[in-house]
Amino acid sequence: MINLLKSIKRRDPAANNLLEIVFLYSGFHAIIIYRIANLLWMLKLKFIAKFLSFLGRILTGIEIHPAAKIGNNMFIDHGHGVVIGETSEIGDNVLIYHGVTLGGNSLEKGKRHPTVGNNVIIGAGAKILGPLIIGDSARVGANAVVTKSVEAKTTVMGIPAKVIIKNKNNKEKYFTAYGTPTEIDVKKTSAVKSLSKKIKKRKV
């Protein structure tokens, strides 16, 4: 638990101390509740596990199925609206923001939710659907809708999510806020250019 608290403090500049995280961070509370529910699930006490998960959803606004497999030091920043499905698998040191869904796209039994690698960042509102794989150190941008696997160390954005091609001016960063790079080059359309000119004229 101490390692989890320290890892949260490292990744959240708003956290002043560990005590603050223990009492005020719903993402931390959700993980603690999940760990207990997951233990109960493995002991075949499925109804109790699901009931505890239900209480956790009411208290934190975060829904984690007790059968999901979650590695060490996962941090859910800001909390509310996160849904992690039954057959989801999540690696170590994953950072998830509010509004994220790791969902299924089938009614069939078996593996139907995503597998997320280590050191992944998933931006606010992102939807990752189906039994696909998000590779180690990948970045999923805010509000992206991911329906295909993402290779390791790549960044995807948009609906549907597409890989962002980096140029030589983009620097590799361990941390990308909300999984969304802000230094990418975007080609200006004629409409954007026209709007830019109007704004400049108004300033003059």
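Before reading further, recall that the structure is shown in the block above.
One structure accompanies this document, and this report is about it. As the structure is a computational prediction, the values presented were derived from the model and not from experiment.

The number of helices and strands found in the protein chain is five helices and 15 strands. Within the protein chain, buried positions represent 42% of all 204 residues. Sequence separation of 24 or more characterises 35% of the internal contacts of the protein chain that already satisfy a separation of 6 or more. Accessible area of the protein chain: about 12,300 Å², with a carbon and sulfur share of 60%.

Taken together, Lys44, Lys46, Lys50 and Lys109 make up a surface patch of like positive charges. The residue Lys46 is located in helix 4 (residues 46-60) in this model. With a relative accessible area of 40%, Lys46 lands in the partly exposed category.

This part covers the sheet that holds strand 4 (residues 83-84). Strand order in the open sheet made by the five strands is 1-4-7-10-13, with parallel pairing throughout. What marks the edges here is a single partner per strand, and that holds for strand 1 (63-64) and strand 13 (145-146). Looking at chain direction, strand 1 and strand 4 are connected through two bridges and run parallel. Across the sheet, Glu63 pairs through a bridge with Val83, a residue of strand 4.

How each quantity is defined
Residues numbered from 1 in each chain as written. Predicted model: local features only at pLDDT ≥ 70, side-chain atom pairs only at ≥ 80, totals over all residues. Heavy atoms only, no water. Helix = DSSP H or I, 4+ residues; strand = E, 2+ residues; numbered from the N terminus. Buried < 20%, exposed > 50% of the residue type's maximum accessible area, 1.4 Å probe, protein only. Contact = heavy atoms within 4.5 Å. Areas by Shrake-Rupley, 256 points an atom, 1.4 Å probe, with all protein chains shown as cover. Patch = residues over 30% accessible without salt bridge, like charges linked within 9 Å, V, L, I, M, F, W, Y side chains within 5 Å. Salt bridge = Lys/Arg side-chain N within 4 Å of Asp/Glu carboxyl O. Lys, Arg positive; Asp, Glu negative; His and termini not counted. Charge placed at Lys NZ, Arg CZ, Asp CG, Glu CD. Pairing = 2+ DSSP bridges.

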